[in-house]
Amino acid sequence: MKTADFNIPFRMPFEVAEPYTRSVAYFSMEFAIDQSLKIYSGGLGFLAGSHMRSAYSLGQNLLGVGMLWKYGYYDQGRKRDNSMTPEYHEKMYHFLVDSQIRFEIPIGGRSVQVAAYYLPPHVFHTAPLFLLTTDTDGNSEADRAISYNLYDNTPETRVAQCMILGIGGVKLLKALGHQPDIYHFNEAHALSAAFYLYEDGRNLDKLKSQVVFTTHTPEEAGNEKHDMAYLKSLGFFGDLTLEEVREISGHRGDVFNHTLAALSMSKKANAVSQLHGEVARKMWEGHGQICPIIHITNAQKKSYWVDEPLEVARISRNTSALRARKLELKKRLLEVVADQTGKLFDPHVATMVWARRFATYKRPDMLIWDLERFKKLMNDSPYPIQVIWAGKPYPKDEGAIKTFNELFYLSHYFPNMAVLTGYELALSKLLKQGADVWLNTPVVTREASGTSGMTAAMNASLNLSTFDGWICEFAVHQQNAFLLPTIQEGDINGIDANNLFHCLNAEVLPTYYDRPDIWTKMVFRSMDDVSTAFDSDRMAQEYYTKLYN
């Protein structure tokens, strides 16, 4: 790694545009910046990465604060039988700059040393990004390990990671001589920063004027909680008493809810889609101390994700160019399928992809719940289809890993079914550019936003989805996407699965094969509708006008 060569006090290394002069420090546990920088797990990181790209291209006065994970999230390897297994390999990044900034944070009665590294904007065309690590001189092996693995499953290490990001992030900014107008917490991982800031003057109104919060969790049960005394013992609240903590964070009992505290200590918060905003306001309406919750719908940086020849074909309405380029992109994807699975898919066959984090509520295995219908779809349909799955389960989620491997083992029986490993930025882009149909199957209201379908649509793929998250603001059935009816009672899983097969057999595949002109018309409409409204430039602008103001 190189050595720091920037000035202190820190100044933005590019000209700040007039609408964006308010200085913002954007805290996130993960950032998906580039395939070579493996400090992300999935959707939260993809969002943060696009936010940083748009902040750079718009000239916003925003810098990022994150963590430098020695082993990343994990590498999605294969066992001898080719089933999935998490692997951990040390990462090296010669393009990062050693800031030479060092400081310590008290955690559990000991002093933990923290080092800061810097990603300059010119490297990947992002806003400036500082990354914190405890893998530095002066620390024990246990303390070095705090920054080894993103989302460590050991409770103390997990809390310590949040303290490094939060408290450490504020200490970093002070060492840089940089006083932001706004501290933006992308999820509640950096919440310890709010208590650290509050200790300086103990003025809650002043604190709230500086802090904003983005919530990504659409269910109360999904919000992280800890015993309050346990957090106190680790130093999460600094020198504050538990009574002071309860008073400023909206708590009464001994269980500390990180999201509730963030909502109670911010001037404003945002949900990440219109539907999620409605769900979040209803979920927290019984807590009188919380701040207003607006919505700013997630988005992705189009210039990063879109294939340029596809975009040119969209703008010029060149149907033949669109089809030819899509065929070429499918061939590139199918080369990866062949490499990983030994299967030679046909680029002229309708190719459907399910690819994102493997989680139960996302229902990755919906297609195989009725195995007989799945066999008929794959073997005996008058309309041939190829199906690809990809995605990373949480490495300690045995249930999700089991689902992934069950799909993999089942794929042995179908020459037109593939399950891929290595779902990171590069493979994600290949899948979205090569897919004809992007399958999205979350239980309705449980997907706060989702963004994978946005970038698929940018690349001439049609979404086939339940009506949830961002889809509610985009999709018009049989105009720019295919939608499953929303089921609110009864056997929701069974009915959704039945509707999925019906939609595939009666609408999606017949349109693809029998009505190609209508298919292409839908593709152009989909690309048009996603182009501006779900480009993260729109999102980054709205953060300044709606949240940072």
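Here the residue index of a chain counts from 1 through its sequence in written order. Note on the predicted model: pLDDT of at least 70 is required for a residue's local features to be given, and 80 or more for side-chain atom pairs to be given and counted; whole-chain, interface and lining totals, by contrast, use all residues. The basis for every side-chain value is the complete set of heavy atoms in the structure, and neither hydrogens nor water enter the calculation.

### Focus on the pattern of salt bridges
In the sections that follow, a salt bridge refers to a side-chain nitrogen of Lys or Arg positioned within 4 Å of a carboxyl oxygen of Asp or Glu. Applying the stated criterion across every chain yields a total of 28 salt bridges. Between K91 and D75 there is a salt bridge, with its nearest N and O atoms 2.6 Å apart. Taken together, the residues span a long stretch of sequence, with K91 in the loop between β5 (84-87) and β6 (97-107) and D75 in strand β4 (residues 75-78) at a distance of 16 residues. The pair formed by K91 and D75 is uniform in burial state, with each residue classed as buried. With its nearest N and O atoms 2.7 Å apart, the salt bridge here joins R144 to D135. Put simply, K302, E311, R314, R317 and D528 are held in one network by salt bridges that share partners. Secondary structure elements are defined from DSSP: runs of H or I of at least 4 residues count as helices, runs of E of at least 2 residues count as strands, and each element is numbered from the N terminus. Only protein chains enter the area calculation, which uses a 1.4 Å probe; residues under 20% of their type maximum are buried, those over 50% are exposed, and those in between are partly exposed.

### Concerning the layout of surface pockets
Using a 1 Å grid laid over the protein atoms alone, points where a 1.4 Å probe fits but cannot get out form a cavity; open sets with protein on both sides within 12 Å along at least 5 of 7 lines form a pocket; any residue with an atom within 4 Å of a point counts as lining. Grid points are joined across faces, edges and corners, and a volume is the space filled by probe spheres set on the points. Of the voids in this model, the largest pocket is the one considered here, and its volume is about 1,400 Å³. Looking at the lining of the largest pocket, the elements that each hand over two or more residues are α1 (43-58), α9 (258-264), β18 (437-440) and α17 (452-458). Ranked by residues supplied to the lining of the largest pocket, first place goes to α1 with four residues. The classification used treats Ala, Val, Leu, Ile, Met, Phe, Trp, Tyr, Cys and Pro as nonpolar, Asp, Glu, Lys and Arg as charged, and all other residues, Gly among them, as polar. In terms of residue class, the lining of the largest pocket is made up of 17 nonpolar, 19 polar and 13 charged. Counted as a void, the second largest pocket has a volume near 340 Å³. Of all the secondary-structure elements, those providing two or more residues to the lining of the second largest pocket are α13 (319-341) and α19 (516-531). No other element matches α13, which puts six residues into the lining of the second largest pocket.

### Structural notes on the pairing of β5
Two strands make a pair as long as DSSP finds a minimum of two bridges between them. Bridge count for β4 against β5 is four bridges, and the pairing is antiparallel. Paired with R78 across the strands is M84, a residue of β5. Counting the residues that bridge the hairpin from β4 to β5 gives five residues, and of these N82 lies at a positive phi of roughly 80°.

### A short note on the environment of T351
Relative to the assigned elements, T351 resides in strand β15 (residues 350-355). Sequence spacing of T351 and D436 is 85 residues, and the spatial spacing of their C-alpha atoms is 5.3 Å. When near neighbours in sequence (up to four residues on either side) are disregarded, T351 contacts K330, Q386, I388, A435, D436 and V437. Contacts between residues were defined by any pair of non-hydrogen atoms, one from each residue, lying within 4.5 Å.

### Concerning the sheet that holds strand β19 (residues 462-465)
Taken together, six strands build an open sheet; the order of strands is β17-β16-β15-β18-β19-β20 and the sheet is parallel. The two strands at the open ends of the sheet, each matched to only one other strand, are β17 (417-420) and β20 (481-483). Put simply, the sheet's adjacent strands are angled 20° from each other on average, direction ignored. Here β19 pairs with β20 via three bridges, running parallel. Bridging from a neighbouring strand, S465 pairs with L483 of β20. Axis geometry follows a simple rule: fit a line to the C-alpha atoms, using only the stretch in contact for helices, then measure angles between N-to-C directions, giving values from 0 to 180 degrees. Set on the sheet, α19 makes contact with β18, β19 and β20; between it and β19 the angle comes to about 90°.

### So, the packing of helix α12 (residues 308-316) against α19
At a closest axis distance of 10 Å, the pairing of α12 and α19 adopts a crossing angle of 100°. Classified by the angle their axes make, α12 and α19 are roughly perpendicular. Here L310, E311, A313 and R314 of α12 lie close against α19, whose contacting residues are F524, M527, D528 and S531. Its residues placed into classes, the contact of α12 with α19 shows four nonpolar, one polar and three charged. An angle below 35 degrees is read as roughly parallel, one above 145 as roughly antiparallel, one from 65 to 115 as roughly perpendicular, and any other as oblique.

### Some thoughts on the nonpolar core
We call a set of buried residues a nonpolar core when its members are Ala, Val, Leu, Ile, Met, Phe, Trp, Tyr or Cys and they connect through side-chain atoms within 4.5 Å of each other. Among the nonpolar cores identified, the biggest contains 155 residues, and L367 and L464 are the most heavily contacted of them. With 10 residues, the single largest contributor to this core is helix α4 (residues 155-175).

### Re the pairing of β18
Side-chain alternation along β18 places V437 and L439 on one buried face and W438 and N440 on a second face that is also buried. Looking at chain direction, β15 and β18 are connected through two bridges and run parallel. If you follow M352 over to β18, its bridge partner there is V437. Here β18 runs beside β19; their pairing, made up of four bridges, is parallel. The residue bridging V437 from the neighbouring strand is L462, located in β19. Regarding the hand of the β-α-β motif, the stretch spanning β18, α17 and β19 is right-handed. Classification remark: right-handed applies to a crossover when, strands pointing away from the viewer, the course from the first strand over the helix to the second runs clockwise.

### Topic: the confidence of the model for the protein chain
Per residue, pLDDT captures the predictor's confidence, and it can take any value from 0 to 100. Confidence along the protein chain averages 97 in pLDDT terms, with 99% of residues attaining 70 or more. By mean pLDDT, the top-scoring element of the protein chain is strand β2 (residues 24-27) (99), and the lowest-scoring one is strand β1 (residues 2-3) (56).

### Overview of the side chain of R53
Here R53 is to be found in helix α1. Residues in contact with R53, not counting those within four places in the same chain, are A32, I33, H125, T126, K301, Y304, W305 and L425.

### Focus: the packing of helix α18 (residues 492-514) against α19
Running from amino to carboxyl end, α18 crosses α19 at an angle of 110°, the nearest separation of the two axes being 5 Å. One way to sum up the angle between α18 and α19 is to call them roughly perpendicular. Where α18 approaches α19, its residues V508, T511, Y512, Y513 and D514 are matched on the opposing element by P516, I518, W519 and M522. Per-class residue counts for the contact of α18 with α19 are seven nonpolar, one polar and one charged.

### Here we look at the packing of aromatic side chains
Here the aromatic set is Phe, Tyr and Trp, taking the six-membered ring for Trp, and pairing holds for ring centres within 6.5 Å; pairs whose planes are under 30 degrees apart are stacked, those over 60 apart are edge-to-face, and all others are tilted. Using the criterion set out here, one finds 36 aromatic pairs in the structure. Judged by centre distance (5.1 Å) and plane angle (70°), the ring pair of Y20 and Y544 falls under edge-to-face. Pair noted here: Y20 is in the loop between β1 and β2 and Y544 is in helix α20 (residues 536-547), with a separation of 524 residues, a long-range link. Judged by its relative accessible area of 6%, Y544 falls in the buried class. Measuring from ring centre to ring centre gives 6.0 Å for F195 and F256, while their planes differ by 55°; the resulting arrangement is tilted. With F195 in helix α5 (residues 192-199) and F256 in strand β12 (residues 255-257), this residue pair connects regions lying 61 residues apart in the sequence. Across the pair, exposure class does not vary: F195 and F256 are buried alike. Through pairs of rings, three or more aromatic residues link up here, namely Y383, F482, Y512, Y513 and W519. Against the face of W354 rests R356, its NZ or CZ located 4.8 Å from the ring centre. The criterion is that NZ of a Lys, or CZ of an Arg, lies within 6 Å of the ring centre and within 35 degrees of the ring normal, and then a charge sits over that ring. The ring centre of W305 lies 4.3 Å from the NZ or CZ of K432, which sits over that ring.

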